[in-house]
Structure formats: C-alpha cells, structure tokens
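# Analysis of the macromolecular model
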Amino acid sequence: MHPELGISSNWRQRVRAIGLLLFGIPRTKANIAITSGGIWVIDAKRYKGRPELKIEGGFLHPRVEKLLVGRRDSTKLVDGVLKQVDVVREHAGAVPVNGVLCFIEADWPLVGGAFTTRGVHVLWPKRLAKVLATRAAGDVDVARMTALLATRFRHA
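Numbering of residues starts from 1 in each chain and follows the order in which that chain's sequence is written. For this predicted model, a pLDDT threshold of at least 70 governs which residues receive local features, and a threshold of 80 or more governs which side-chain atom pairs are given and counted, while totals over whole chains, interfaces and linings are taken from all residues. Each side-chain value is worked out from all heavy atoms of the structure, with water and hydrogens disregarded.

## Some points on the overall build of the protein chain
Each helix and strand in the protein chain was counted, giving four helices and ten strands. Runs of E in the DSSP output that reach at least two residues are strands. Runs of H or I that reach at least four are helices, and both are numbered from the N terminus. Written out in order from the N terminus, the α and β elements of the protein chain read α-β-β-β-β-β-β-α-β-β-β-α-α-β. Exposure is judged per residue with a 1.4 Å probe applied to protein chains only, and the accessible area is read against the type maximum: over 50% gives exposed, under 20% gives buried, and values in between give partly exposed. Classification of the 156 residues of the protein chain by burial places 42% in the buried group. Within the protein chain, residue pairs in contact and separated by at least 24 positions form 59% of the contacts whose partners lie at least 6 positions apart. Roughly 8500 Å² of accessible area belongs to the protein chain as shown, and the carbon and sulfur atoms make up 54% of that amount. In what follows, a contact means two residues having at least one pair of non-hydrogen atoms within 4.5 Å. To measure how exposed things are, a 1.4 Å probe is used in the Shrake-Rupley method; for residues, cover is taken only from the protein chains shown.

Structure below.
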C-alpha cells in the first residue's frame with residue numbers, strides 16, 4: 001500500500017503501465033496523472049458506503065448536485081478536487097485538466113455506479129484505469145508537460 005494514496009502498489013503499476021506519470025500536489029493527498037489525452041487530478045479516498053449523486057431542485061428551484069457516500073453529504077470532496085484542478089490548470093496552459101474522486105473501499109454496485117458531478121469523475125480504481133486507458137489518445141506532449149509540472153509538483 002502507498003501510505004499517502006491509500007491505494008496498492010499494484011494499482012500504481014497498472015497506471016504506469018498505460019503510460020502515465022504520477023505527481024503529488026503539495027499539502028494534499030491528490031496525485032496528477034499525465035497522458036497524451038490530458039492531465040488527471042486524482043484524489044483517492046478510503047470511504048465506506050455507496051457513493052451516489054443526489055440531484056435536488058430543478059424546475060422551480062436551482063439545480064443542486066450533492067455527492068453522498070453512504071448517508072453522509074460528501075459534496076465538499078468535489079469542491080476540494082475542483083480547487084486542486086484549478087491549481088494544476090494554472091500551470092498546464094491549454095492542456096485539458098480532469099478531476100477524479102477515486103473511492104477505494106466503497107460499496108460499488110455490480111453494474112454501473114460511476115458518475116460525473118460538476119465535471120469531476122467519481123469512480124473506483126479499476127474503472128479509473130480503464131477510463132485513463134480509453135482517453136489516453138490526444139496531442140498532449142507528455143514529456144514536455146512532465147518537465148513543466150515537475151518544476152511545480154513532486155513525484156509521487
């Protein structure tokens with residue numbers, strides 16, 4: 001297990017096997033993965049319970065999306081990832097930056113389960129590896145972006 005991420009070294013090896021480099025964001029436990037398709041800010045959480053998206057409001061009231069894990073309102077986690085995405089975006093220029101909340105020990109359903117709220121992907125480690133592999137095609141110069149971000153962030 002990687003103590004800061006709360007994820008196994010096996011998962012980290014799979015992530016590196018699909019051509020990613022990981023960096024850590026200072027003062028957080030989030031990591032950055034770089035692919036030719038863009039930059040991914042990954043915040044891994046070891047929470048119990050089922051993550052779900054609850055949408056309130058709509059027709060007469062403003063639409064509000066809430067992240068629930070079990071019965072707890074965990075919307076603040078989405079806010080945290082969005083702040084981390086903004087930090088990375090300041091240094092990335094025009095390169096796409098995506099946010100991810102990866103729940104390690106959550107109670108995911110057998111079918112479906114992953115969702116996006118306010119632009120942040122909410123999923124589990126195997127699903128994350130699949131998403132990163134399928135969205136790795138693009139024109140981002142990984143070597144140049146790695147060199148640029150290495151001056152700002154530490155290697156994970």
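Next comes the rest of the account.
## So, helix α3 (residues 125-134)
Within α3 the residues assigned to the buried category are P125, L128, A129, V131 and L132. Projected down its long axis, α3 shows its buried positions confined to an angular sector of 165 degrees, all on one face. Away from the buried face of α3 by more than 90 degrees, exposed residues K126, K130 and T134 are located. This arc corresponds to the set of directions leading from the helix axis out to the C-beta atoms.

## Let's talk about the environment of V97
With respect to the helices and strands, the residue V97 is situated in strand β7 (residues 97-103). Spatially, the C-alpha atom of V97 lies 6.6 Å from that of V85, the residues being twelve residues apart in sequence. Among all residues touching V97, those that are not within four sequence positions of it are I39, V41, V85, V88, R89 and A92.

## Brief notes about the pattern of salt bridges
Whenever a carboxyl oxygen of Asp or Glu lies within 4 Å of a side-chain nitrogen of Lys or Arg, that contact is scored as a salt bridge. Going through the model one piece at a time under the given rule, you end up with nine salt bridges. Linking E105 and R46 is a salt bridge whose minimum nitrogen-to-oxygen distance equals 2.4 Å. Of this pair, E105 sits in the loop between β7 and β8 (115-117) while R46 sits in the loop between β3 (38-45) and β4 (51-56), and the two are 59 residues apart along the sequence. Taking relative accessible area as the criterion, E105 reaches 33% and is therefore assigned partly exposed. For R46, a relative accessible area of 37% gives the class partly exposed. E105 is paired through a salt bridge with K48; the nearest N and O atoms lie 3.2 Å apart. Within this pair, whereas E105 is found in the loop between β7 and β8, its partner K48 is found in the loop between β3 and β4, the two being separated by 57 residues in sequence. Judged by relative accessible area, K48 falls into the exposed class, the value being 58%. One salt-bridge network, in which partners are shared between bridges, spans R46, K48 and E105.

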